[in-house]
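Residues per chain are reported as follows:
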Number of protein chains: 2
Amino acid sequence: MVQIPKQHSAQPAAPHKSVPGAVPTSADVARLAGVSRATVSYVLNNTSAVRISEPTRRRVHEAAKELGYVPHAAARSLRAGHTRIVLVPTPDVPIGPLYSTFLNELQWALSRLDYTVVQYGRVGLSGDAAARAWAELRPVAVLGPVGMGADGIAVLRRSGARAVITLGPEPVEGAHALLTDHRHVGRVAAAHLLSRGHRRIGVVMPKEPGLDTFAVPRLEGVREEGAETVPLRLAYDEQDAAQVAAQVSELGLGAVFAYNDEYAMLLMRALQDAGVDIPGDVAVMGADDLMLGRLLRPRLSTVRLDLPSGQELAELVDRLVREPDQDAEPEPREALAVTLVARESA
Amino acid sequence: MVQIPKQHSAQPAAPHKSVPGAVPTSADVARLAGVSRATVSYVLNNTSAVRISEPTRRRVHEAAKELGYVPHAAARSLRAGHTRIVLVPTPDVPIGPLYSTFLNELQWALSRLDYTVVQYGRVGLSGDAAARAWAELRPVAVLGPVGMGADGIAVLRRSGARAVITLGPEPVEGAHALLTDHRHVGRVAAAHLLSRGHRRIGVVMPKEPGLDTFAVPRLEGVREEGAETVPLRLAYDEQDAAQVAAQVSELGLGAVFAYNDEYAMLLMRALQDAGVDIPGDVAVMGADDLMLGRLLRPRLSTVRLDLPSGQELAELVDRLVREPDQDAEPEPREALAVTLVARESA
């Protein structure tokens, strides 16, 4: 234990107001508090190895507050060799309420474990270029890097990330994989429609870019379950919905599985406006189990998706950060729970 | 202009593969490329003041790639004295499609101007404590710090932020203010309902926490326009909606302005399920102009909100960063455009 010399005097000798506009430094804080710069650093970084008296501690905090001094995270992370930053990539696609709730809960759980959650976009960057950009922040953990290969994971690992957790249909070498297999969503929807005697299923695929990551495996799931599939490309507007509704009638489709509840609502309205009875003429299913599905008439049948709880994921991050070697060859784990919610529309 | 000595040799003398698991440094890159560390730094930071031959440049990039070396943003920002980080606080409340689109566009526009957008939550932190946490990242600009006072802004400024732009109903000292006055939303809705002869208006206020920031000024706006207001607290579930629908009938309310289109849809369904005719018995209005309003029958009347374009805001950030003094005493500017969208429900 290091004994810190006391340098306190009732009146600070040096002027302590910094030049207006200048960024206050820990030297300014030391001067005002009448202590050494090392003491300022020990107090503000909560170093437990050094015992510092409560009055000194208070004086440093008061001086820091008066000057508006804030430690520099970059400088601190250079000293410590690592950060407490957990990087959560900002999704490229508009996020729904499901993911938004998950993210919020995760953020709370990580902050309680003293991590700092930073969301970082990858606009204009492909997977491995994104990895290099993210590595510059030296995160201690990275969650859910979409579309990143083994090279990208290696870059992150070499830059000090102790935990890299992917969320996706396939495990990626070097990362801890939580599998989210959206084919499963399609299979559950198809099983329900097949059980009602529909062997030929129209599958609504959004025209909006970026959503095929989820839409294509959902379509594949419907096919895998043994149904004949008819892909229906639909943009999220009323005009396109009217055209697809006409197509459904022309093709004589008796059942449609829509990408999610919002696309299901859009198509259902267009079908009803064209005089089609649901589910009498056409059965319609959505996915995600949003509130709006319960408010439709007939009530929307859908597939409910549950991501792991934010708390659970935060604990996994913390465990991997503290014991990085233990999960060097982690078992991929299925993370997406999928349940049928049968209501009235199918 | 500095002349860099060439140290190239066809075969690197020193072993260049770093210890497995060790983080590669610029010294490793220098060794592998056969150049000085200064050259590595000049090449990887794209310093234009130093002329370096194309073959040397290529060699450095190849060595960095082979070793998986990534510059340390923290170290770089310490050298440069500032970062290119633009901090956009993660909203506490689930974000709707309006804000999500705005954020996406903003991110693209800023990345084209070579800024790095970082979203940073303030879970568990109050306004000024959040400012201190954010200041640790030394952002060059901060956008939309909700609920932050003059002290928080001063902390951010002193830590090197050249642009702090608030989005809110009131200007905050020391920040560039884009005003978003949600009373205006209430006034536009009330004016429409008053013109249809409704003097007494039920105003749906979400029970969900965090939304009063917007809901209270919207209620005030309805009152300011000269209507008698009846606040109706509503949780986002069907049971609560049935109770509020009963309340609307008991109170004999002929018009309801809901917090947004989603709450309007919820209450409209409960009213219709109770046999209430819309707009015959009760006129219903929403806000936000979401797609779902167009899909309801009757079609939902609403108030459309437009935020400034992401491109516009990115250009403002860049101007303030490059010429921080020019807008030392900025004029607050109204940033929220509000338009009535009259359909069938009111």
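For the structure itself, consult the block above.
What counts as what
Residues numbered from 1 in each chain as written. Chains lettered and ligands numbered in written order. Predicted model: local features only at pLDDT ≥ 70, side-chain atom pairs only at ≥ 80, totals over all residues. Heavy atoms only, no water. Helix = DSSP H or I, 4+ residues; strand = E, 2+ residues; numbered from the N terminus. Buried < 20%, exposed > 50% of the residue type's maximum accessible area, 1.4 Å probe, protein only. Contact = heavy atoms within 4.5 Å. Areas by Shrake-Rupley, 256 points an atom, 1.4 Å probe, with all protein chains shown as cover. Pairing = 2+ DSSP bridges. Axes fitted to C-alpha atoms, helices over the stretch in contact; angles between N-to-C directions. Salt bridge = Lys/Arg side-chain N within 4 Å of Asp/Glu carboxyl O. Phe/Tyr/Trp six-rings, centres within 6.5 Å; stacked < 30°, edge-to-face > 60°. Lys NZ or Arg CZ within 6 Å of the ring centre and 35° of its normal. Parallel < 35°, antiparallel > 145°, perpendicular 65-115°, else oblique. Nonpolar A, V, L, I, M, F, W, Y, C, P; charged D, E, K, R; others polar. Core = buried A, V, L, I, M, F, W, Y, C linked by side-chain atoms within 4.5 Å.

> Honestly, the overall build of chain A in this entry has me stumped. Any pointers?
Counting its secondary structure elements, chain A contains 13 helices and 14 strands. With 346 residues in all, chain A has 53% of them scored as buried. Contacts in chain A between residues far apart in sequence, at least 24 positions, make up 68% of those at least 6 positions apart. A total of about 15400 Å² of accessible surface is found on chain A, and carbon and sulfur atoms cover 51% of it.

> Hey, could you run me through the sheet that holds strand β8 (residues 200-206) of chain B in this one?
Across a sheet, strands are paired by hydrogen bonds formed along the backbone, either parallel or antiparallel in direction. Residue and element names in this part refer to chain B. If you walk across this open sheet you meet the four strands as β9-β8-β10-β11, and the pairing is parallel. At either margin of the open sheet sits one strand with a lone partner, and together these are β9 (228-234) and β11 (283-285). Across the sheet, the mean angle from the axis of one strand to that of its neighbour is 25°, orientation sign disregarded. Examined bridge by bridge, β8 and β9 share seven bridges and lie parallel to one another. Note that in β9 the partner of R200 across the bridge is E228. Strands in contact with helix α10 (residues 238-250) are β9 and β10 (255-257); relative to β9, the strand with the most contacts, it is inclined by about 155°.

> Would you mind going over unusual backbone geometry with me for this structure?
For residues that are not glycine, phi is negative in most cases, and the peptide bond is trans in most cases. In the segment running from I278(A) into P279(A), the intervening peptide bond is cis, with an omega of 5°. Topologically, P279(A) is positioned in the loop between α11 (261-273) and β11 (283-285). Phi at D288(A) takes a positive value of approximately 105°, unusual for a residue other than glycine. With respect to the helices, strands and loops of the structure, D288(A) is situated in the loop between β11 and α12 (291-295). Even without a glycine there, the phi angle at D289(B) is positive, about 55°. Residue class for D289(B) comes out buried when judged on its relative accessible area of 12%.

> Quick question: what am I supposed to make of the sheet that holds strand β4 (residues 116-120) of chain B here?
If you trace the twelve strands from one edge of the open sheet to the other, you get β13(A)-β7(A)-β6(A)-β5(A)-β3(A)-β4(A)-β4(B)-β3(B)-β5(B)-β6(B)-β7(B)-β13(B), paired in mixed fashion. Here the strands that pair on one side only, and so sit at the sheet edges, are β13 (333-334) of chain A together with β13 (333-334) of chain B. Running over the sheet, helix α7 (residues 150-158) of chain B touches β5 (141-143) and β6 (163-168) of chain B and is turned about 155° from β6(B).

> Where do I start with the pattern of salt bridges in this structure?
Any two side chains of opposite charge can pair, so long as their charged atoms come close to each other. All names here are of chain B. The tally for this structure, following the rule as stated, stands at 30 salt bridges over all chains. Between D289 and R304 there is a salt bridge, and its shortest N-O distance comes to 3.6 Å. Of this pair, D289 sits in the loop between β11 and α12 (291-295) while R304 sits in strand β12 (residues 302-306), and the two are 15 residues apart along the sequence. Taking relative accessible area as the criterion, R304 reaches 35% and is therefore assigned partly exposed. Two residues, R299 and E344, come together in a salt bridge whose shortest N-O distance is 2.8 Å. Of this pair, R299 sits in the loop between α12 and β12 while E344 sits in the segment after β14 (337-341), placing them 45 residues apart in sequence.

> Which parts of the structure should I look at to understand the environment of S41(B)?
Residue and element names in this part refer to chain B. When you line up the elements, S41 lands in helix α2 (residues 37-44). The exposure class assigned to S41 is partly exposed, which follows from its relative accessible area of 28%. With 19 residues separating them in the primary sequence, S41 and V60 have C-alpha atoms 9.5 Å apart.

> Quick question: what am I supposed to make of the packing of aromatic side chains here?
For any two aromatic rings, the description comes down to two numbers: the centre-to-centre distance and the angle of the planes. In this structure the tally under the stated criterion is four aromatic pairs over all chains. Their ring planes at 50° and their centres at 5.1 Å tell us that Y236(B) and Y263(B) sit as a pair that is tilted. Taken together, the residues span a long stretch of sequence, with Y236(B) in the loop between β9 and α10 and Y263(B) in helix α11 (residues 261-273) at a distance of 27 residues. Their ring planes at 85° and their centres at 5.8 Å tell us that Y259(B) and Y263(B) sit as a pair that is edge-to-face. Across the pair, exposure class does not vary: Y259(B) and Y263(B) are buried alike. Ring pairs connect the aromatic residues Y236(A), Y259(A) and Y263(A), which therefore count as one cluster. Note that R84(A) overlies the ring of Y115(A), its terminal NZ or CZ placed 4.0 Å from the centroid.

> Help me understand the packing of helix α6 (residues 127-135) of chain B against α7(B), please; the structure alone is not making it clear to me.
A pair of packed helices is captured by two measures, namely the crossing angle of their axes and the spacing between those axes. All names here are of chain B. In the contact formed by α6 and α7, the axes pass within 8 Å of each other and the chain directions differ by 10°. Overall, the two elements α6 and α7 adopt an arrangement that is roughly parallel. Every residue of α7 that contacts α6 at D128, A131, R132, W134 and A135 is listed here: D151, G152, V155 and L156. Tallied by class, the residues present in the contact of α6 with α7 amount to five nonpolar, one polar and three charged.

> For this particular structure, what's the right way to read the nonpolar core?
When a protein is soluble and globular, its nonpolar side chains tend to lie buried together. F257(A), L271(A), V303(A), F257(B), L271(B) and V303(B) are the most contacted members of the largest nonpolar core, which has 108 residues in total. What V303(A) contacts, discounting residues up to four positions off in sequence, is V185(A), V188(A), A189(A), M285(A), G286(A), A287(A), D288(A), D289(A), V338(A) and T339(A). The next biggest cluster of nonpolar side chains, apart from the first, holds 40 residues, and it includes A135(A), L156(A), L87(B) and A175(B).

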